[in-house]
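Chain by chain, the residues:
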Amino acid sequence: MTEQTPKMSARDVSVFYGDKQAVKNVSIDIDMDKVTAFIGPSGCGKSTFLRSFNRMNDTVAGARVEGLVTLDGEDIYAPSMDVVQLRARVGMVFQKPNPFPKSIFENVAYGPRIHGLAASRSELEGIVESALRRAGLWDEVKDRLSDSGTALSGGQQQRLCIARAIAVDPEVILMDEPASALDPIATAKIEELIGELRGRYAIVIVTHNMQQAARVSQRTAFFHLGTLVEYGETDAMFTAPRMERTKDYITGRYG
Amino acid sequence: MNSPLPAQADRTPTDWNAPAMQKRIARRYAAERRFKLFGLAAVVLSAAFLAFLLATMVSQGWRGFVRTDVALTIDFKAAALPVDRAVLRTPGADLALAGAELENTVKGAAATQFGVGGEDAISEYAWLKVREAIKQDPTNLDRAVRIPVPASTRLDQALRGDGTAEAQALAERLKAAGLVSTGFNADFLRMSDSTDPVAVGIWGALKGSLLTMAITFLIAFPVGVLSAIYLEEYAPRNRWTDLIEVSINNLAAVPSIIFGLLGLAVFLGTWEVMGVRFGPILPRSAALVGGVTLALMIMPVIVIASRNAIKAVPPSIRDAALGIGASPVQVVFHHVLPLAMPGILTGTIIGMARALGETAPLLLIGMRAFIVQPPGGFTDPATVLPVQIFLWSDEVSRGFVEKTSAAILVLLAFLLAMNSLAIYLRNRFETRW
């Protein structure tokens, strides 16, 4: 589909919860300078599939991933892969804003600190400032960095979580419905932010808001009942879907 | 897709103002009021019991902190004790004065001064007070001095109008002569057990409790919390961990005296293996063995409370930390444990309070000994506050009644101090969300 080598790719990936198969033989490539959106009705396996990109499914009891997922051609489920380092390279933003009950500064500084990315306090402060700037939050919080991260509004909390993810300088950012708990204004800010972050990071966003997928992404994958129905350029998919099921979904016939 | 609901023509519209409806509302309000009343009554009842308990203890116990002194005049010049004055400045003074029949001199002085039965007016340990006075100022030996000494239990009871006829008469005489004084009994907080209720003190038992609680905490808290972390965060869910969980829950309900038997058998027992005798592992009657036994008893409580606290930490916090590459140990120590700490400390308070009030298991491992010297360390024979209370409540002498209540007050104060410290720590850990 593209000439460049994909940043991440999945080949024949299946995810099981116990006996139930949530994702069925999905293959997909994620490119570096694109935003890829996963859309589909609730329970179609898009979030589960997303979580197999940074092995967050490992923490779910009974979850099992089959198939091959690679980051820069390296199998991330290989025994030699360090899962802690993988999650630093593949950051994640969750559906519900989940800042730590610590200060704003500590929220952002935590990642760089545990990975030893800053040699000195001033360097750490620099990392925190640039992460907050890139997350578009700096001007709002620069005077109250010692306030609790949980005291911010929902939209600010979510941008704080994005700042926390980019502070460890990841290569890929996975976003699991990052705006579904936010009001339209906060959602617009997050979407704007995603546009600004594109190019620096490979971004994968799960959403069930089709307009959002159309606005922020260049590639869209449509999932239904655990299978990947269609994957292609966003513009093409929303104007001329190849599959009947995709067409039904994006025109609102079901979902 | 959204077809309208079929019209319900057969159903009469609900009349919200009908008498039956009004009656239902009235019944609902009545039920509400009744429930509130029952709740209030329950609170008042428990508060009344608590107030009654405290009032009884304080009204009886305060006397335990008060001592009646009798001013005794002793003419040492006339008695001419055969004591080398130089020795009085040395550690040998105690022995020298005891050898010089000081005790009999003091008793004699009391008999002379107070008349027949006078030596019964002063406490058995009155001469020890005189000894202190002489050691402080050896020139006392060259003149007649007036020293307030503790009154005997007999006189003390009589002064309260609760003595024999002779004692009553003696009390009246002494009071009329202005020789009787009362004051705060600092010795009660300084001394240890004794056969004479006037001479008993709580310090030995208090120190024993402190040492025992220290051992209990140092063992039960880390082991309990680490077990809880392992079981919650690392252990796989299978039949074995289910079995462990059931066992822990059952252990928390095992009567405490069983733990005493366990401590006796394991720590104080002896075994003979191929002609070689082993054990006992720990010294008998000591704070060490008591602390270890109580630690075993409260560990299940701490494990259960800690597991619940750890379980209550929102999974989103774990996800957040894992999502930026924290290792499982970092997730536990940086995020889960700080958030679970208030709950863990609450469980620890409950466990420690239970351990502090425990008597039965300690009786079995020999902590009911008659301890005159406060324990110097963890391996010295010791007793603890509840056991001391139990022992005193068993005494025949009337003087022990108020001492028992006073000891209960000390135990309550200890409990309050311990809990306040724990609550203070818990509030410091508490995170605002």
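Quick caveat, the model's predicted, so the values are computed rather than measured.

### A short note on the overall build of chain B
Phase 1 of the analysis: If you tally the helices and strands in chain B, you get 17 helices and five strands.
Phase 2 of the analysis: Its C-alpha atoms give chain B a radius of gyration of 32 Å, clearly above 22 Å, the size a compact globule of 433 residues would have.
Phase 3 of the analysis: Oriented by its inertia axes, the alpha-carbon framework of chain B measures out at about 120 × 75 × 45 Å.
Phase 4 of the analysis: Every one of the 433 residues in chain B was classed for burial, and the buried ones make up 36%.
Phase 5 of the analysis: Sequence separation of 24 or more characterises 74% of the internal contacts of chain B that already satisfy a separation of 6 or more.

### Points about the overall build of chain A
Phase 1 of the analysis: Of regular secondary structure, chain A possesses ten helices and ten strands.
Phase 2 of the analysis: Its C-alpha atoms give chain A a radius of gyration of 18 Å, within 12% of the compact-globule value 18 Å for 255 residues.
Phase 3 of the analysis: Over its C-alpha atoms, taken along the principal directions, chain A stretches across nearly 55 × 45 × 35 Å.
Phase 4 of the analysis: Within chain A, the proportion of its 255 residues that are buried is 45%.
Phase 5 of the analysis: Excluding contacts between residues fewer than 6 apart, the proportion of contacts in chain A whose partners are at least 24 apart in sequence is 68%.

### Overview of the interface of chain B and chain A
Phase 1 of the analysis: Contacts between chain B and chain A engage 17 residues on the former and 22 residues on the latter.
Phase 2 of the analysis: Put simply, the parts of the chain that give the side of chain B that touches chain A at least two residues each are α13 (315-323) and α14 (328-356) of chain B.
Phase 3 of the analysis: Among the elements that make up the side of chain B that touches chain A, the one with the highest residue count is α13(B) (six residues).

### Overview of the sheet that holds strand β3 (residues 180-184) of chain B
All names here are of chain B.
Phase 1 of the analysis: With antiparallel pairing, the three strands of this open sheet are ordered in space as β2-β1-β3. Pairing within the sheet leaves two strands with one partner each, and these edge strands are β2 (144-150) and β3. For this sheet, the mean angle separating the axes of adjacent strands, direction not counted, is 35°.
Phase 2 of the analysis: The pairing of strand β1 (residues 66-75) with β3 spans five bridges and is antiparallel. What sits directly across from R67, in β3, is G183.

### Observations regarding the nonpolar core
Phase 1 of the analysis: By size, the foremost hydrophobic cluster in this structure holds 141 residues, and its most contacted members are A163(A), V204(A) and I298(B).
Phase 2 of the analysis: Here this core gets 16 residues from one element, more than from any other, and that element is helix α12 (residues 287-311) of chain B.
Phase 3 of the analysis: Leave out the neighbours within four places in its chain, and A163(A) touches V108(A), A131(A), L132(A), A135(A) and L137(A).
Phase 4 of the analysis: Judged by nonpolar contacts, the second largest core, of 27 residues, contains L97(B), V106(B), A126(B) and L128(B).

### Some points on the environment of A135(A)
Residue and element names in this part refer to chain A.
Phase 1 of the analysis: Following the sequence through the fold, A135 ends up in the loop between α4 (121-134) and α5 (138-141).
Phase 2 of the analysis: Spatially, the C-alpha atoms of A135 and Q158 are 9.5 Å apart, while their sequence positions differ by 23 residues.
Phase 3 of the analysis: Apart from the residues lying within four places of it in its own chain, the contact partners of A135 are R159, I162, A163, I166 and L193.

### Details of the sheet that holds strand β8 (residues 202-206) of chain A
Residue and element names in this part refer to chain A.
Phase 1 of the analysis: Strand order across the open sheet formed by six strands is β6-β7-β8-β3-β9-β10, with mixed pairing between neighbours. Every other strand in the sheet has two partners, leaving β6 (90-93) and β10 (227-233) as the edge strands with one partner each. Pairs of neighbouring strands in the sheet enclose a mean axial angle of 15°, with direction left out of account.
Phase 2 of the analysis: The pairing of strand β3 (residues 35-39) with β8 spans four bridges and is classified as parallel. Across the sheet, the residue bridging to T36 is V204, located in β8.
Phase 3 of the analysis: Lying over the sheet, helix α6 (residues 154-167) contacts β6 and β7 (172-176), oriented at roughly 170° with respect to β6.

### Considerations on the environment of V289(B)
Residues and elements named next belong to chain B.
Phase 1 of the analysis: Here V289 is to be found in helix α12.
Phase 2 of the analysis: Each C-alpha atom, one on V289 and one on N249, is 24 Å from the other, the two residues being 40 residues apart in sequence.
Phase 3 of the analysis: Among residues more than four places away in sequence, those in contact with V289 are G263, F267, L268, L282, P283, R284 and I365.

### Concerning the domain arrangement of chain B
Residues and elements named next belong to chain B.
Phase 1 of the analysis: By the assigned domains, chain B splits into domain 1 (63-185) and domain 2 (203-429).
Phase 2 of the analysis: Look at where the C-alpha atoms of domain 1 and domain 2 centre, and you get two points 45 Å apart.
Phase 3 of the analysis: Split into classes, the residues belonging to the side of domain 1 that touches domain 2 amount to one nonpolar, three polar and two charged.

### A short note on the packing of helix α3 (residues 104-114) of chain A against α6(A)
Residue and element names in this part refer to chain A.
Phase 1 of the analysis: Following both chains from N to C, one finds α3 and α6 inclined at 25°, their axes separated by 7 Å at the closest point. Considering the angle they form, α3 stands roughly parallel to α6. Crossing of α3 against α6: the hand is right-handed. In this structure, α3 contributes I104, N107, V108, G111 and P112 to the contact, and α6 contributes L160, A163, R164 and A167.
Phase 2 of the analysis: Of the residues assigned to the contact of α3 with α6, the class counts are six nonpolar, two polar and one charged.

### Details of the packing of α12(B) against α14(B)
All names here are of chain B.
Phase 1 of the analysis: The geometry of α12 relative to α14 is characterised by a closest axis approach of 8 Å and an angle of 150° between their N-to-C directions. Put simply, α12 runs roughly antiparallel to α14. Considering only the axes of α12 and α14, their crossing is right-handed. Here L294, M297, I298, V301, I302, I304, A305, S306, N308, A309 and I310 of α12 lie close against α14, whose contacting residues are V336, A340, G343, I344, T346, G347, T348, I350, G351, M352, R354 and A355.
Phase 2 of the analysis: Among the residues making up the contact of α12 with α14, the classes are represented as 15 nonpolar, seven polar and one charged.

### Comments concerning α12(B)
Residues and elements named next belong to chain B.
Phase 1 of the analysis: An ideal rise of 1.5 Å per residue puts 36 Å on 25 residues; α12 measures up with 34 Å between its terminal C-alpha atoms.
Phase 2 of the analysis: Its axis deflected by about 40° at I298, α12 carries its strongest bend there, up to four residues before the proline P300.
Phase 3 of the analysis: Across the 25 residues that make up α12, a large majority, 22, are buried.

### Let's talk about the pairing of β1(B)
Look at any regular strand and the pattern is simple: side chains alternate between the two faces of the sheet.
Phase 1 of the analysis: Of the pairings in the sheet, the one linking β1(B) to β2(B) comprises seven bridges and is antiparallel in character. Paired with D75(B) across the two strands is A144(B), which belongs to β2(B).

The rules behind the values
Each chain carries its own residue numbering, running from 1 in the direction its sequence is written. To read the labels, note that chains go from A and ligands from 1, taken in the order they are written. Totals for whole chains, interfaces and linings use every residue, but because this is a predicted model, local features are given only for residues with pLDDT of at least 70 and side-chain atom pairs only at 80 or more, for both listing and counting. Secondary structure elements are taken from DSSP: a helix is a run of H or I of four residues or more, a strand is a run of E of two residues or more, and numbering for both begins at the N terminus. Radius of gyration here uses only the C-alpha atoms, and the compact-globule reference equals 2.2 Å multiplied by the residue count raised to the power 0.38. Exposure is read from a count of other C-beta atoms within 10 Å of each residue's own; the residue is exposed at 12 or fewer, buried at 20 or more and partly exposed in between. C-beta atoms are placed from the backbone. Any residue pair is listed as a contact if its two C-beta atoms, each placed from the backbone, are within 7 Å. Whether two strands pair depends on DSSP finding at least two bridges between them. An axis is simply a line fitted to the C-alpha atoms; with a helix, the fit covers only the stretch in contact. Between two such axes, the angle follows the N-to-C directions and lies from 0 to 180 degrees. To count as a nonpolar core, a set of buried Ala, Val, Leu, Ile, Met, Phe, Trp, Tyr and Cys residues must be joined through C-beta atoms within 7 Å. How far each domain reaches was decided by an automatic or database domain assignment. The classification used treats Ala, Val, Leu, Ile, Met, Phe, Trp, Tyr, Cys and Pro as nonpolar, Asp, Glu, Lys and Arg as charged, and all other residues, Gly among them, as polar. To sort the angles, those under 35 degrees are grouped as roughly parallel, those over 145 as roughly antiparallel, those from 65 to 115 as roughly perpendicular, and the leftovers as oblique. Crossing handedness: left-handed means the near helix sits turned counterclockwise from the far one by under a right angle, and right-handed means the same turn made clockwise. Expected helix span is given by 1.5 Å per residue-to-residue step, counting one fewer step than there are residues. Throughout, bend refers to the angle between the axes fitted to the seven residues that end at a position and the seven residues that start at it.

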